[in-house]
Amino acid sequence: MAYTITDLCIGCGLCKMVCPVDAITGKPRKDHLIVPVRCIECGACGRICPAEAVKDPEGKVCRRVRFRHRWERPHISEAVCIGCAICIQSCPVSCLGLSEPGGSIDSVRKAVLQFPEHCIACAFCAADCPVDAIRMAPPEAAEAAPTDAAPPGEPPRSDEK
Amino acid sequence: MGLGYTGKILVVDLTTGRIRSETVPEWIYEQFLSGVGLAAWYLYRHIPTDADPLGPENVLGFAAGALTGTGSLFSGRWMVVGKSPLTGCWGEANCGGTFAPAIKQCGYDGIFFSGISPHPVYLFADNNTAELRDATDLWGLDAGATEARLCAMHPGRKRPRIACIGPAGERQSLIAGVVHDGGRLAARAGLGAVMGAKRLKAVALAGSQRIKVHDRSGVLRLSREVSATVQNQPPFVSGKVAAYLGRLIRVLPTQMETDGLLYKMILRKWGTVGMNQMSIEMGDAPVQNWRGTHHDFDLDTSSRLAPEVFTRPVVAKYFCYSCPLGCGALVEGAPGAPRGHRPEYETAMALGPLCLNADSDSIFQMNEMLNRAGMDSISAGATIAFAMECYEHGLITRADTDGLDLSWGNSAAMVALIDKMIRREGIGDLLADGSRMAARRIGAGSGRFAMHAGGQELPMHDSRFDPGFALHYAVEPAPGRHTVGSFLYYEMFQLWREIEDLPDPSRFYLKRRKYDTDLEKARMAAACSQFVNLLNAAGICLFGAFLGIRRLPVFQWLDAVSGRPRSPEVYLQIGANIQTVRQAFNFRQGIDPLVIRVSDRALGRPPQSRGANEGRSVAVEKLLKDYFRQFGWDEGTGRPTEKALGDINL
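Residues numbered from 1 in each chain as written. Chains lettered and ligands numbered in written order. Predicted model: local features only at pLDDT ≥ 70, side-chain atom pairs only at ≥ 80, totals over all residues. Heavy atoms only, no water.

**Let's talk about the overall build of chain A**
- Looking only at helices and strands, one finds 6 helices and 8 strands in chain A.
- Moving toward the C terminus, one meets the helices and strands of chain A in the order β-α-β-β-α-β-β-α-β-β-α-β-α-α.
- Of the contacts made within chain A by residues no fewer than 6 positions apart, 60% connect residues no fewer than 24 positions apart.
- Accessible surface computed for chain A: about 7,900 Å², of which carbon and sulfur atoms make up 55%. (Helix = DSSP H or I, 4+ residues; strand = E, 2+ residues; numbered from the N terminus. Contact = heavy atoms within 4.5 Å. Areas by Shrake-Rupley, 256 points an atom, 1.4 Å probe, with all protein chains shown as cover.)

**Here's the deal with the overall build of chain B**
- When you go through chain B residue by residue, the secondary structure sums to 26 helices and 19 strands.
- Against the globule reference of 26 Å for 650 residues, chain B gives a C-alpha radius of gyration of 23 Å, in line with a compact fold.
- Referenced to the eigenvectors of the C-alpha coordinate spread, the extents of chain B come out at roughly 60 × 55 × 50 Å.
- Looking at chain B as a whole, 67% of its 650 residues are labelled buried.
- Nonlocal contacts in chain B, meaning residues at least 24 apart in sequence, comprise 72% of its contacts between residues at least 6 apart.
- Accessible area for chain B stands at about 20,200 Å²; split by element, carbon and sulfur atoms hold 50% of it. (Rg over C-alpha atoms; globule rule 2.2 N^0.38 Å. Buried < 20%, exposed > 50% of the residue type's maximum accessible area, 1.4 Å probe, protein only.)

**A short note on the packing of aromatic side chains**
All names here are of chain B.
- With the rule as written, the count across this model stands at 26 aromatic pairs over all chains.
- With a centroid separation of 6.1 Å and 75° between ring planes, the pair formed by Y263 and F543 is classed as edge-to-face. A residue pair is termed long-range when its members are at least 10 positions apart, and Y263 in helix α9 (residues 260-270) and F543 in helix α22 (residues 542-545) qualify at 280 residues.
- Here Y263 falls in the buried class, since its relative accessible area comes to 15%.
- You can call F543 partly exposed: its relative accessible area is 21%.
- Site record: aromatic cluster; members linked through ring pairs are Y263, F469, Y473, Y489, F493, F531, F543, F546, F555 and Y571.
- Cation over ring: K514 sits above F465, and NZ or CZ is 4.5 Å from the ring centre. (Phe/Tyr/Trp six-rings, centres within 6.5 Å; stacked < 30°, edge-to-face > 60°. Lys NZ or Arg CZ within 6 Å of the ring centre and 35° of its normal.)

**Digging into the pairing of strand β7 (residues 121-125) of chain B**
Residue and element names in this part refer to chain B.
- β7 sits mainly inside the fold: 5 of its 5 residues count as buried.
- What you see with β7 is no split at all: V121, L123 and A125 on one side and Y122 and F124 on the other are buried throughout.
- As paired elements, β7 and strand β8 (residues 130-134) share 5 bridges and run antiparallel to each other. Note that in β8 the partner of V121 across the bridge is D134.
- Joining the antiparallel neighbours β7 and β8 is a turn of 4 residues.
- Inspection of the sheet shows β7 paired to strand β12 (residues 200-205) by 5 bridges, in the parallel sense. Considered in β12, the bridge of A125 is made with L205. (Pairing = 2+ DSSP bridges.)

**A short note on the packing of helix α21 (residues 519-538) of chain B against helix α24 (residues 568-588) of chain B**
Residues and elements named next belong to chain B.
- Closest axis-to-axis distance for the α21/α24 pair is 7 Å, and the angle between their directions is 90°. Judged by the angle between their axes, α21 and α24 are roughly perpendicular. Across the interface between the two elements, S529, Q530, F531, N533, L534 and A537 of α21 pack against Y571, L572, I574, G575, A576, I578, Q579 and R582 of α24.
- Among the residues making up the contact of α21 with α24, the classes are represented as 8 nonpolar, 5 polar and 1 charged. (Axes fitted to C-alpha atoms, helices over the stretch in contact; angles between N-to-C directions. Parallel < 35°, antiparallel > 145°, perpendicular 65-115°, else oblique. Nonpolar A, V, L, I, M, F, W, Y, C, P; charged D, E, K, R; others polar.)

**Structural notes on the sheet that holds strand β2 (residues 18-23) of chain B**
Residue and element names in this part refer to chain B.
- Strand order in the open sheet formed by 6 strands is β2-β1-β6-β3-β4-β5, and the pairing between neighbours is mixed. Each of the sheet's edge strands pairs with one partner strand only, and the pair in question is β2 and β5 (90-95). Across the sheet, the mean angle separating the axes of adjacent strands is 15° when strand polarity is ignored.
- In this structure, strand β1 (residues 8-13) lies alongside strand β6 (residues 110-114), joined through 5 bridges in parallel fashion. Each bridged residue has a counterpart across the sheet, and for I9 the counterpart in β6 is G110.

**Brief notes about the interface of chain A and chain B**
- Taken together, the 39 residues of chain A in the interface contact 37 residues of chain B.
- Area buried by chain A at its contact with chain B is led by I82(A), Q89(A) and I105(A), which between them contribute 25% of it.
- Summed over the shared surface of chain A and chain B, the result is 4 salt bridges.
- Two residues, D132(A) and R224(B), come together in a salt bridge whose shortest N-O distance is 3.1 Å.
- At the boundary of chain A and chain B, one finds 20 residue pairs in polar contact (both at pLDDT 80 or more).
- Secondary structure elements with two or more residues in the side of chain A that touches chain B: α1 (14-18), α3 (86-90) and α4 (124-128) of chain A. (Buried area = accessible area lost by both parts, 1.4 Å probe. Salt bridge = Lys/Arg side-chain N within 4 Å of Asp/Glu carboxyl O. Polar contact = N/O pair within 3.5 Å; in protein donor to acceptor, adjacent residues only side chain to side chain.)

**Focus: the environment of S362(B)**
Residue and element names in this part refer to chain B.
- In this structure, S362 sits in helix α14 (residues 360-373).
- Contact partners of S362, with chain neighbours within four places excluded, come to N357, S411 and V415.
- Polar side-chain contacts of S362 include one of 3.0 Å to the side chain of N357.

**Regarding the side chain of H180(B)**
Residues and elements named next belong to chain B.
- Tracing the backbone through its elements, the reader meets H180 in strand β10 (residues 178-180).
- Relative accessible area serves as the criterion here: at 1%, H180 is assigned to the buried category.
- A polar side-chain atom of H180 sits 2.8 Å from the main-chain amide nitrogen of T98.
- If we ignore the near neighbours within four places in the chain, the residues touching H180 are W78, C95, G96, G97, T98, F99, E147 and I162.

**Details of the environment of I40(A)**
- Counting through the fold element by element, I40(A) comes out in the loop between β3 (33-34) and α2 (44-48).
- Separated by 52 residues in the primary sequence, I40(A) and P92(A) place their C-alpha atoms 9.0 Å from one another.

**Quick word on the sheet that holds strand β11 (residues 184-186) of chain B**
All names here are of chain B.
- Spatial strand order, β8-β7-β12-β9-β10-β11: 6 strands in an open sheet with mixed pairing. The open sheet has two free edges, formed respectively by β8 and β11, since each of these has just one partner strand. Direction aside, the axes of adjacent strands within the sheet are offset by 25° on average.
- In the sheet, β10 pairs with β11 via 3 bridges, with the strands oriented antiparallel.

**Some points on α24(B)**
Residues and elements named next belong to chain B.
- With 21 residues, α24 should cover 30 Å at 1.5 Å per step; its first-to-last C-alpha distance of 30 Å lies within 8% of that length.
- In terms of burial, α24 is largely enclosed, as 17 of its 21 residues are buried.
- Within two residues after α24, G590 carries a phi angle of roughly 80°, on the positive side. (Expected span 1.5 Å × (residues − 1).)

**Re the domain arrangement of chain B**
Residue and element names in this part refer to chain B.
- Entries for chain B in the domain assignment read domain 1 (1-223 + 482-500 + 520-594 + 620-650) and domain 2 (224-457).
- Once you take the C-alpha centre of each, domain 1 and domain 2 turn out to be 25 Å apart.
- In this complex, domain 1 contributes 55 residues to the contact, which on the side of domain 2 involves 51 residues.
- Both faces combined, the contact of domain 1 with domain 2 buries some 4,200 Å², and carbon together with sulfur accounts for 56% of it.
- The largest contributions to the domain 1 side of the interface with domain 2 come from I175, R184 and R188, which together make up 17% of the buried area. (Domains from an automatic or database assignment.)

Below you can see the structure in the form of structure tokens.
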């Protein structure tokens, strides 16, 4: 199963640029094509396509999310994270990393969003987290929701890096 | 296509540079699962009889398990396999870190190398490509520098995960291993030398493919329970209490069935070094090249190797992929190890009491040197202990050691000696291939001081203390490994809770009962072999399995991943199938399992006259017949019968 590009494609090449696994081929201003065996179904092409020309494996048209900095991104609850690093390995663009060592044997390095600008909102990290420590939400959602389990100020700290 | 597997392997011929992807028949996964099972099947088919382990016919394989990347916990272990140059037998080494998922994320269950490259190369693979690239510039770099350089050379979107060799592997030291993540080693069996002989400096993997799972939410549900068990950690006592617990175990004539939860608590608090003093006190850790006792390394001396000493420079726990436990640790500012991994129990014991060395600073330093050079710290420590005993008896003198005073416990000389072994300089060249080879070179009856099984140096678990180890040291297709079975392991695996036929050990028993040889012991040993093969095929960590089968739901995870429920008996049969292939591999290579010798001292021949294991000896030969029968092999010779081979389509 893979994502597909319909004939609404305008050949802008944005999908090709955002695809983390180079699964999309096509020349500028020509129809683009997703190579099915390469596609990992991250959905980034669908989120970025200005012509809404991408269909998901179930055949539904993907909705564009304007402005990449508004895409959902992982909000990691430091209290819940156990430091197993499954999310870090799942991430196709290596935007997650481990926090700095705390300086003692009891210090557990937790997952942090190290490079938010690389995030493609695939949510693989949240899907694979064995302890449900990761929630996908738009960047501003963490500050907006006071009941959020994630300690306030965590996403800004990662942004500073 | 069974889920949880990618169904493909990558086959690289280093001589011609040809790389191809092969589809693995479905029945292979049915019978051998993935990981070590898949690798055993491949090597059995592709390594010819009497292959030179350092020649082009040998195949070096990297394999990831069936549960890796599926959301199950403790599933970050990968295997390196090949014909061992150290033993000539089936060779395998197991390692954690983040390399296991990286193999599968490139779309393969295993990567196999044959041939010899005309010049140093490394393999780079990601989702779409797999190619050999020139590694002339990397040749000669230590493992840490190699990884850093390769990461800088591949600044793609996905950070590459790297397994490489250091200078020890390049120089084909027969005790060299494969290094990952700055100092995690797939150390045993000398497979680093095979990699060096093939002129394969590194494997760098940057794939990001998803691993398909039948019921991911089911897998994650099970994982959450496991995580809760592991996170539940009572406030802990000091390291000294563990030492006194060890002393108590030594003094009492009875023993209690051990629950792995206790072990988990020690691992979570301190990692494997939490066992240091306890093991010395109870007689599990060999002292002074296996001839000493706790009298030679008393509580005062061992307190210099207490868990607290090893945790002082720690800055954070180190977790392998998908591990909720975190038994490793990163250290900073330790002597000789500005930034690296903390020594593990095996390293601390091999370089500590085995050589009567109580200088923890030197252990930190040697650990870092060995990690960077890619040399097995167990074998290195055991070989130094051997050299020290030879020196004591005058079989080697100062003239042979380039002026080093190899008296027991001389830590400065040990550091210098390890440096020489890595560089293969002078005496180091003589010792760099392990104690059996060194004994052959020295001659003069020095062989009696070399503590090995079939050529592989014995690990730091005394078979006189837990005779369950002896059988596995002696008759496993990969001899001399401590990660397969023992009575302690059997108690912690708790397999009888899932499989009714297996013997249920008593809650309390007299210690001397451990030395009786009966059918029950052979069945317990066979169950351990089968179960650990299954773990290695699934990619599960042994320390996770110590929680017990009820707390670590390996079978249920496999059911959920594949969508095909199978009974625990069927899963153990998969383990037995793997054991049969590995045994058949050895026979094809001309290895007679009855000829593999565990050094006499390790079996208590003659028994020690004092200490925890006073008067103990292990009649391992008496168990062989029953053990072989458990797998349907010939009782007398251990050779897999035509029927046993036919049952698994070989």
